[in-house]
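Residue-level structure breakdown
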Amino acid sequence: MNIVVLGPGAIGSLWASYLHHAGHSVSLWSRHTESTISIQRDEHAPIQFGNRSKHALEHADLLLVTLKAPQVEDALSELKPLINKDTVVTLMHNGMGTAEVVSELLIDNPLVLATTTHGAYRKSSHHVLHTGLGKTELGGYNSTGKRCEFLAEVFQHALPQVVWNPSILDALWNKLAINCAINPLTAMHRVANGELAQSQYQDTLQSVINEVTLVMQAEGIDTNSEMLSQSVAQVIQATAKNLSSMQQDIVHQRQSEIDFITGYLIEKAQQHKIATPVNRSLYDAIKNIEQGWN
Ligand SMILES: NC(=O)c1ccc[n+]([C@@H]2O[C@H](COP(=O)([O-])OP(=O)(O)OC[C@H]3O[C@@H](n4cnc5c(N)ncnc54)[C@H](OP(=O)(O)O)[C@@H]3O)[C@@H](O)[C@H]2O)c1
């Protein structure tokens, strides 16, 4: 396939490398203007990728968008004139809310959503480390996207495990619930995920989960607070030493994905007239930190 990876940061470089090794013709679209970019994955030989080729973008079968959520709308609005209506657009990032925007922006394109638990770390702009094996789920968002099940095989061949999930929104909501619980708290307190197992965080965690549960149920998702509490506790334990992406963004004074995680939850809660005071206070705390940088 002709594939363009838009936003070749940590996770984009990882997939670009694996898709290249699986035999696809992969090109990048970074915000830097060089016409080629060299990327090394782990200790493999570096690969030279074409960058910002209009021809490659116009002829792409797949546009894999690995930008962070707040970057998606602006980047795709700018590139819209170059995106063919048959190109399958796949969004792979944390948080929710971009699919609604992109499906209206690229109204004719098949839209597929993806979530991955692989870990990637950019040692430098030309060197990515695959820090943890994970699982990737893909699923269609619009009617043409829902017919793109073949993509799961393409991704699976490049970097297993990959599944096609016809209920991808449920999977994204479950991930959002975990992110609402772990990300703001670890970012505010600048602690690793495992610290949230301490007793002083339990009341807040439980309140976050109770609020998220009500919103998810109102969205028609079959869940309950016991199930979500268990998932959150499992992730806290399994990723005890990890720093959440929001924690890292706040420490490095980079815009976090709060608007697309807790912000999205609050927006949906308002639509359903559900009160979410604890999530709101975490949202405000992160926004206050970000505004302090200006
Ligand atoms: N890293 C992981 O292990 C991991 C795992 C699972 C999910 N995720 C999620 O995947 C998403 C991406 O994460 P990441 O860690 O890969 O972040 P990242 O390293 O910051 O990658 C984003 C890339 O997009 C580039 N970019 C920003 N605006 C652009 C534009 N207009 N045009 C082209 N490129 C642009 C950035 O360029 P600059 O380099 O110039 O800033 C950066 O290289 C996030 O939602 C994250 O939560 C990450």
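The rules we used
Residues numbered from 1 in each chain as written. Predicted model: local features only at pLDDT ≥ 70, side-chain atom pairs only at ≥ 80, totals over all residues. Heavy atoms only, no water. Helix = DSSP H or I, 4+ residues; strand = E, 2+ residues; numbered from the N terminus. Rg over C-alpha atoms; globule rule 2.2 N^0.38 Å. Buried < 20%, exposed > 50% of the residue type's maximum accessible area, 1.4 Å probe, protein only. Contact = heavy atoms within 4.5 Å. Areas by Shrake-Rupley, 256 points an atom, 1.4 Å probe, with all protein chains shown as cover. Lys, Arg positive; Asp, Glu negative; His and termini not counted. Charge placed at Lys NZ, Arg CZ, Asp CG, Glu CD. Domains from an automatic or database assignment. Buried area = accessible area lost by both parts, 1.4 Å probe. Salt bridge = Lys/Arg side-chain N within 4 Å of Asp/Glu carboxyl O. Pairing = 2+ DSSP bridges.

Turning our eyes to something else, we now look at the overall build of the protein chain. Scanning the protein chain from terminus to terminus reveals 11 helices and 11 strands. The C-alpha radius of gyration of the protein chain comes to 19 Å, within 12% of the 19 Å expected for a compact globule of 294 residues. Overall size of the protein chain, expressed as C-alpha extent along the three principal axes, is 55 × 40 × 40 Å. In the protein chain, which comprises 294 residues, the proportion classed as buried is 52%. The long-range share in the protein chain, meaning contacts at least 24 apart out of those at least 6 apart in sequence, stands at 65%. Accessible area for the protein chain stands at about 13,700 Å²; split by element, carbon and sulfur atoms hold 48% of it. If the 20 positive side-chain charges of the protein chain are averaged to one point and the 28 negative ones to another, these points end up 5 Å apart.

Attention shifts here to the domain arrangement of the protein chain. Domain boundaries in the protein chain define domain 1 (2-165) and domain 2 (169-292). Contacts between the two partners involve 17 residues from domain 1 and, on the opposite side, 17 residues from domain 2. Taking both partners together, domain 1 and domain 2 bury about 1,500 Å²; carbon and sulfur atoms supply 61% of that area. Ranking the residues of domain 1 by area buried against domain 2 places P70, N94 and M96 at the top, with a combined share of 47%. On inspection of domain 1 and its partner domain 2, the count reaches two salt bridges.

Attention now goes to the pairing of strand β9 (residues 127-132). The side chains of a regular strand alternate between both faces of the sheet. Relative to β9, strand β3 (residues 36-41) runs parallel, the two being bridged by two bridges. The residue of β9 that forms the bridge with Q40 is H127. Relative to β9, strand β8 (residues 119-124) runs antiparallel, the two sharing five bridges. Residue pairing in the sheet places Y121 in a bridge with L129 of β9.

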